[in-house]
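Residues per chain are reported as follows:
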Amino acid sequence: MFSVVVFLRIGFVVGQSGLYQAIAMYGVAYFIICMTVLSVCAISTNGALDAGGAYYMISRALGPEFGGSMGIMFFLANVCGSALYVLGLVEAVVATFGVPEDPTLVASPHQVLPSGYWWSLLYATAIALLCLLVCLVGAHIYAKASFLIFLVVMFVLGTIFISFFAVTPRVVNLPGSANPVNNGTDPGFPTTANFTGFKLDTLLGNLWADYTLDYTTNTMMTFTTVFAVMFNGCTGIMAGSNMSGELKNPSYSIPRGTITAVIFTFIIYNLLSLLVACSCDRVLLQRDYSFLRDINIWNPFVTIGVYSSTLSAAMSNLIGASRILYALARDDLFGKVLSPAKRTSLSGNPWVAVIMTWFLVQLVLFSGKLNTIASIVTIFFLLVYAAVDMACLALEWASAPNFRPTFRYFTWHTCVLGIVGCGIMMFLINAVYASASIAFMLLLLLLIHYLSPTSSWGYISQALIFHQVRKYLLMLDVRKDHVKFWRPQILLMVSNPRSSVGLITFINDIKKSGLYVLGHVQLGDLNTLPSDPLQSQYDSWLSLVDQLNIKAFVNLTLADSVRHGIQHLLFISGLGGMRPNTLVLGFYDDCLPNDKLIDPSLATIQCTSAIEASQDYERHSPLFHFAPLRGFNGGQDDGKVLGPQEYVAIIADAMKMLKNVVLARYFNNFERSQILSPPASSPARGAVYVDVWPVNLLRPDSSSYVDTCSLFLLQLACILNMVRAWRKTKLRLFLCVEEGRSLRGSEEKLSQLLKELRIKAQIYLVPWDQQVALHWQRQEDDDCATNFPSNTTRLSNDYLSSVNKLILESAQPAPAVRFLYLPRPPADTRRYATYLGQLELLTQGLGPTLLIHGVTPVITTDI
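No experiment lies behind these values; they were computed from the predicted model shown. (Residues numbered from 1 in each chain as written. Predicted model: local features only at pLDDT ≥ 70, side-chain atom pairs only at ≥ 80, totals over all residues. Heavy atoms only, no water.)

(A) Structural detail: the overall build of the protein chain. A count of helices and strands for the protein chain gives 28 helices and twelve strands. For the protein chain, with 863 residues in total, the buried portion stands at 53%. Within the protein chain, residue pairs in contact and separated by at least 24 positions form 80% of the contacts whose partners lie at least 6 positions apart. As presented, the protein chain carries roughly 39,000 Å² of accessible surface, and 60% of it is formed by carbon and sulfur atoms. (Helix = DSSP H or I, 4+ residues; strand = E, 2+ residues; numbered from the N terminus. Buried < 20%, exposed > 50% of the residue type's maximum accessible area, 1.4 Å probe, protein only. Contact = heavy atoms within 4.5 Å. Areas by Shrake-Rupley, 256 points an atom, 1.4 Å probe, with all protein chains shown as cover.)

This is the structure in structure tokens:
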């Protein structure tokens, strides 16, 4: 932490801002530092640390996106910091040994080095090369050199404190002056200033701020620019954590070393500021940044201290940045871009990362002046400190059981205070730089999110989401449900996803931000199996959800029959107030399924055995490990695992549980993009329709259009029409009427209902006298009608075929989807097969069709 600031900028801080504001700056800086140190200590004592320091902490806590972006920012902060300290060292060398740029001034005997921008760049390059050589040898050499430098700096600091008491008052030549001429009394351009020793007048003159031009950059100083320079003397708190990969016991060393350093430097900075304010006049502090050398008991002591501290800080930042770059490369967050930085020497030193870091430091050296890049470095470090605080805050808020650091002197309050403090100071220092830094970080975050592979570190976002979702689920009270806020919460039963892609994507459109669960039943008995066979299948199902870009959960169950499995899922799917209220089943028929998860050109592949068939599926759809389809050549089971009796029983079970039921037919080849945007040459080009038949077509003697089931049909059709992709489709409502009834009255009544329900649809009147006649003719011939409570058992095939033909002929052009009324299954289970046969005849050749039965009210005219 003792860098260029302690020797070259203490006077600058006090001279520009005064003692009061200087102490305030230290207070603000160390408040932010302390909050961050507490977070660093908490994270570093919560498990084993590896190379990368703060990057490792942030990435393993917040996940690869945030960790990677902040790692790059921290890397750049260390690169700029290393360049800053090199420039500080160059400034000290030129001030001591450089020839004055003004040719009218007389140089002292030891001022032999040429000065100027390009010469300063040359000196900086030489110093950077020296740092590079030390870092290339390895961290162990740096550690030994660092300890020696630490002893030197401590000794020099001791001489500085002694000098304030031992040195007598004197006149000091200011930079750019050869001989004293007026004792600094010329107000325009003073050439000398006074070291007064301890005087009350000197202290009073240095209490308040007096911001002037910085003589090295000719820019006007303010509180924020001075703070930016001063803050660089506090940024070394991450030096220890950056070396976490080389420390024997980082969880022990980092907290103790960092906290001790923070306390020690805070005391030293404040004592130095007080002594300087009491003994040096304002002109000396503002016009000579190396005045500590001139007032020391032996001038070379301070020169040695400046060289040692700045060289140490430059090497610390260089080696720290290289370790961060190495950690980033090793984590493969940026692919091949950083892959060369993975290379290490036989001793484990990442020499390529060191060279890449040195190259970037060299580029930053072109800025030329320390104060020029001080603001950028400070903002980068503040951003990283805020990220460390955020990482600790996220871990604390997530309440993860495995977050139990041995360092306990922190709370979420300290994390929040650290984040707020960093954010405020960033924008006070330079709002443009701060905004640009945050924008750059967000850009990196997005790039890593979309380009980097999935990591195995764990994502804090998942823990936070879990914590919040659990809290809100507990607040979701089913007793407060209201029809105004009803939405479909769907359980779609999928036998084999290979043939259900069209239906899965379509149901995703009608869920209206509700719960959507993909359910699957695997037949088996856990008692006879060595382990749960479902666990290995979840990855394939979740990959399917990602591939289809749908918002759905997956629920798999093991049962002795499909019926029992669906009962399990209906009972236990969901949580709290989020439970399925609608069951969707594929239609039971003899159509052979088509595989939509492999290349269509491979559909004709012939396999001679089940093993070959399975291997072929695996080869052409590697993401999904689903069984081959029923009827596929070589499949182990060409038959169905479900019979018609059990299928209808499932429908009856769902209705007993007060679940709405939807049967979907002809969705095997459903392609939304082709239906909604057909080619220009297609005859289907033009308006796209969704048809609704809200009457129970199996009960022509019951022509109610406003029962619960009919309104449920209307609601689902309206929801589909509200989806962005389906918004341009038009709803058509078909009203079946008989002669002798008031056609206009029925149409007006339905129009008024649609108006009240805010549903926009075209109403079509469809005469069906011939169909009704066929129905009643069967009634007269059937003497056994009274034996069955459900009238569906008394329908003739002629009637059903006639109604089917009516539906086909009435809807021209053909719609994208049809919504039909699904009657209840008969009470007599012996008639289940007959009921299913009637539904099959009714929907024969209709294209994508939903047979829907609603059991709960879902529509209201209230606000």
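(B) Highlighting the pattern of salt bridges. By the definition in use, this model includes twelve salt bridges. One salt bridge in this structure joins Glu 91 and Arg 9, with 3.0 Å as the shortest N-O distance. Pair noted here: Glu 91 is in helix 3 (residues 64-97) and Arg 9 is in helix 1 (residues 4-44), with a separation of 82 residues, a long-range link. Of the residues examined, Arg 9 reaches a relative accessible area of 0% and is grouped as buried. (Salt bridge = Lys/Arg side-chain N within 4 Å of Asp/Glu carboxyl O.)

(C) Fine view of the sheet that holds strand 7 (residues 660-665). Pairing is mixed across the open sheet formed by ten strands, whose spatial order is 5-4-3-6-7-12-11-8-9-10. Looking at strand neighbours, the two that pair on one side only are strand 5 (553-559) and strand 10 (762-767), the edges of this open sheet. For this sheet the average axis-to-axis angle between neighbouring strands, irrespective of direction, equals 25°. Where strand 8 (residues 689-693) meets strand 11 (residues 817-821), four bridges bridge the pair, whose relative direction is parallel. When the sheet's bridge partners are listed, Val 692 is paired in strand 11 with Phe 819. (Pairing = 2+ DSSP bridges. Axes fitted to C-alpha atoms, helices over the stretch in contact; angles between N-to-C directions.)

(D) How the structure looks around the pairing of strand 6 (residues 582-586). When you tally the buried positions in strand 6, you get four out of five residues, the bulk of the element. Of the strand pairs in this sheet, strand 3 (residues 490-493) and strand 6 are connected by three bridges, and their pairing is parallel. Pairing of Leu 491 across the sheet is with Leu 583, part of strand 6. As judged from the five bridges shared by strand 6 and strand 7, these two strands associate in the parallel manner. Looking across to strand 7, one finds that Gly 586 is bridged to Ala 664.

(E) Up close: the nonpolar core. Counting 154 residues, the largest nonpolar core has Phe 7, Met 70, Phe 164, Leu 272 and Leu 365 as the members making the most contacts within it. Tallying contributions element by element places helix 1 first for this core, with 23 residues. Leaving out residues up to four positions away in the same chain, Leu 365 has contacts with Ala 83, Val 86, Leu 87, Leu 121, Ala 124, Thr 125 and Ala 128. (Core = buried A, V, L, I, M, F, W, Y, C linked by side-chain atoms within 4.5 Å.)

(F) Spatial organisation of helix 22 (residues 644-656). Over its 13 residues, helix 22 runs 19 Å from end to end, which matches the ideal 18 Å to within 8%, given 1.5 Å per residue. A large share of helix 22 lies buried, amounting to ten of its 13 residues. The complete set of buried residues in helix 22 reads Glu 646, Tyr 647, Val 648, Ala 649, Ile 650, Ile 651, Ala 652, Asp 653, Ala 654 and Met 655. Tucked into the core, helix 22 has its buried residues touching helix 20 (562-572), strand 6, strand 7, helix 28 (832-842) and strand 12 (849-853). Following helix 22 by one or two positions, Leu 658 adopts a phi angle in the positive range, close to 60°. (Expected span 1.5 Å × (residues − 1).)

(G) Layout of the packing of aromatic side chains. Taken as a whole and assessed by the stated rule, the structure comprises 30 aromatic pairs. Ring centres of Phe 231 and Tyr 385 lie 6.3 Å apart, and the angle between their planes is 55°; on these two criteria the pair is classed as tilted. With Phe 231 in helix 7 (residues 223-231) and Tyr 385 in helix 14 (residues 370-398), the pair connects residues that are 154 residues apart, well separated along the chain. Of the two residues, Phe 231 and Tyr 385, both sit in the buried class. Ring-pair connections join several aromatic residues into one group, and the members of that group are Phe 74, Phe 223, Phe 227, Phe 231, Phe 381 and Tyr 385. Between the NZ or CZ atom of Arg 9 and the centre of the ring of Phe 12, over which it lies, the distance is 5.9 Å. (Phe/Tyr/Trp six-rings, centres within 6.5 Å; stacked < 30°, edge-to-face > 60°. Lys NZ or Arg CZ within 6 Å of the ring centre and 35° of its normal.)

(H) Molecular detail of the packing of helix 27 (residues 797-810) against helix 28. Here helix 27 crosses helix 28 at 35°, and the two axes come no closer than 8 Å. Touching Asn 797, Leu 800, Ser 801, Val 803, Asn 804 and Ile 807 of helix 27 are Gln 838, Leu 841 and Leu 842, all from helix 28.

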